[in-house]
Amino acid sequence: MMTTDPQSERSHLGLLAELATEYYLEGLSKVEMARRHELSRFQIARLLDQARDEGIVRITIVNPSDAGAEHDDLARALGVSTVTVVAQRSDETLRSALARQVADLLPRRLHDDARLGVAWSRTLMHLPEHLGELPKVDVVQLVGPVSAPGSTTGDSAALVHRLGARAGGQVWPLPTPLIVESPEVAAALRASSEVRSALDAADELDVAVIAIGAWDAGISTVWARVSDEEKQRARDAGAIAECSGILLDAQGRVARTGMEERVIGVTPAQLRRTRVLAVAPAVGYPEAVLAAARGGFVDDLVISAELADQLMDLLAADQLDALG
């Protein structure tokens, strides 16, 4: 039986790496390489093909229109670490484009054995479509879903389990809706072992991924699940933004309305002590994003170009008002 000489195999792979370096990095032509190695240019071409087949050469194509642009001026003005403005493709929705940018940033914010918290939202449901490799991390579901067009409560569980399978770590699902019928039901659910373990796991997050919405009809998925009386109490408390069931006023303070007694999910304190990657699809509501930033609920922000312009205009107007 014929066997492969290991020394000969290493020598051959070394030649492939040398040829690949000369061609792809040093820019030598196949004719020049053939002369240098006393081979024909056809042999050089076959060896370069083999280098690709063996994985010695890996070609990555980067489409500049896919990459988000960092907006340092806006980040400084908001007091956050980074702002990335997404480049939306012609064939995708804004929510999918935002999720794609989150998927690009997320592996850079994580490390092996980290703990990742993920909230359910209509935007983040697109995250698994775009996510590549992740470090080995644990995944915690921060909130459950509420009814929204085009999604079901099962979608939320599917999101956290798909991310958990990709990350290869432990998964803490939160098998409840974000908001339930009464404070008594919420208290009973929080006391159950499975829900309690997920809520406790959110105490030690390294990164949290959330969505920022405005507190308004058709924008917040929570809006339709509260009574008119609760909506009025939220207005009286100055609520303009909502993230993961947490209502915020214009200064970023948590707006206490009584609704929080029916919400099951991550707490403001848990979010404020971790790194938060926030996505904001609510074009036309820059004040909601500003409130979340002021409240300490944003470290890395992913938004559209239109919303970035609206935020810059809002901040400029606020500065003029402050000058009197």
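Here, the structure is the one placed above.
Here goes a summary of the coordinates provided. In this text the structure is predicted, and so the values were computed from the model without any measurement.

Conventions we followed
Residue positions within a chain follow its written sequence, with the count starting from 1. Note on the predicted model: pLDDT of at least 70 is required for a residue's local features to be given, and 80 or more for side-chain atom pairs to be given and counted; whole-chain, interface and lining totals, by contrast, use all residues. Note that water and hydrogens are dropped before the side-chain values are worked out from all heavy atoms of the structure. Any two strands between which DSSP finds at least two bridges are classified as paired. Secondary structure follows DSSP: runs of H or I at least 4 residues long count as helices, runs of E at least 2 residues long count as strands, and numbering of each begins at the N terminus. Any two rings among Phe, Tyr and Trp, with Trp reduced to its six-membered ring, count as a pair given centres within 6.5 Å; such a pair is stacked if its planes are under 30 degrees apart, edge-to-face if over 60, and tilted if neither. For the exposure calls, accessible area comes from a 1.4 Å probe over protein chains only, and a residue counts as buried if that area is under 20% of its type's maximum, exposed if over 50%, partly exposed in between. A pair is scored as a salt bridge if a Lys or Arg side-chain nitrogen falls within 4 Å of a carboxyl oxygen belonging to Asp or Glu. All axes are obtained by fitting lines to C-alpha atoms, using only the stretch in contact for helices, and the reported angles, taken between N-to-C directions, cover 0 to 180 degrees. Roughly parallel means an angle under 35 degrees; roughly antiparallel, over 145; roughly perpendicular, 65 to 115; everything else is oblique. Every residue pair with non-hydrogen atoms within 4.5 Å of one another is taken to be in contact. All residues other than Ala, Val, Leu, Ile, Met, Phe, Trp, Tyr, Cys, Pro, Asp, Glu, Lys and Arg, Gly among them, are scored as polar; the first ten of these are nonpolar and the last four charged. Under this definition, polar contacts are N or O atom pairs within 3.5 Å; protein pairs additionally need one hydrogen-donor-capable and one acceptor-capable atom, and for neighbouring residues in sequence, both atoms have to be side-chain atoms.

**Description of the pairing of strand E4 (residues 138-141)**
Side-chain direction in a regular strand flips from residue to residue, so the side chains alternate between the two faces of the sheet.
Here is step 1: Of the pairings in the sheet, the one linking strand E3 (residues 115-118) to E4 comprises four bridges and is parallel in character. The partner of Val 118 across the bridge, within E4, is Gln 141.
Here is step 2: The sheet contact formed by E4 and strand E5 (residues 171-172) spans two bridges and is parallel. The residue bridging Val 139 from the neighbouring strand is Val 171, located in E5.

**Let's talk about the packing of aromatic side chains**
Here is step 1: Enumeration according to the criterion identifies two aromatic pairs in this entry.
Here is step 2: Where Tyr 23 meets Tyr 24, the ring centres are 5.0 Å apart and the plane angle is 85 degrees; that geometry is what we call edge-to-face.
Here is step 3: Accessibility expressed as a relative area gives 32% for Tyr 24, which makes it partly exposed.

**What to know about the pattern of salt bridges**
Here is step 1: Following the criterion strictly, the structure yields 14 salt bridges and no others.
Here is step 2: Among the ionic pairs, Glu 22 bridges to Arg 36, the shortest N-O distance being 3.1 Å. On the criterion of sequence distance, the pair formed by Glu 22 in helix H1 (residues 6-25) and Arg 36 in helix H2 (residues 30-37) is long-range, its members being 14 residues apart.
Here is step 3: On the accessibility criterion, Glu 22 (4% relative accessible area) is buried.
Here is step 4: Residue classification places Arg 36 among the exposed residues on the basis of a relative accessible area of 51%.
Here is step 5: A salt bridge links Arg 253 to Asp 249, with the nearest nitrogen and oxygen atoms 2.8 Å apart.
Here is step 6: One connected set of salt bridges, linked through shared partners, spans Arg 109, Arg 275 and Asp 300.

**Describing the packing of helix H8 (residues 183-191) against helix H9 (residues 193-201)**
Here is step 1: In contact at an axis separation of 5 Å, H8 and H9 are set at 80 degrees when each is read in the N-to-C sense. By the criterion of interaxial angle, the relationship of H8 to H9 is roughly perpendicular. Contact residues: Leu 189, Arg 190 and Ala 191 in H8; Ser 193, Val 195, Arg 196 and Leu 199 in H9.
Here is step 2: By residue class, the composition of the contact of H8 with H9 is four nonpolar, one polar and two charged.

**Here's the deal with the side chain of Arg 100**
Here is step 1: Along the chain, Arg 100 falls in helix H5 (residues 94-109).
Here is step 2: Looking at Arg 100, its side chain comes within polar contact range of the main-chain oxygen of Ala 87, at 2.8 Å.

**Overview of the sheet that holds strand E8 (residues 241-243)**
Here is step 1: Taken in spatial order, the three strands make up an open sheet running E7-E8-E9, and their pairing is antiparallel. A strand with exactly one partner marks an edge of an open sheet, and here the two such strands are strand E7 (213-214) and strand E9 (246-248).
Here is step 2: Across three bridges, E8 lies against E9 in antiparallel orientation. Note on E9: the bridge partner recorded for Glu 242 is Leu 247.

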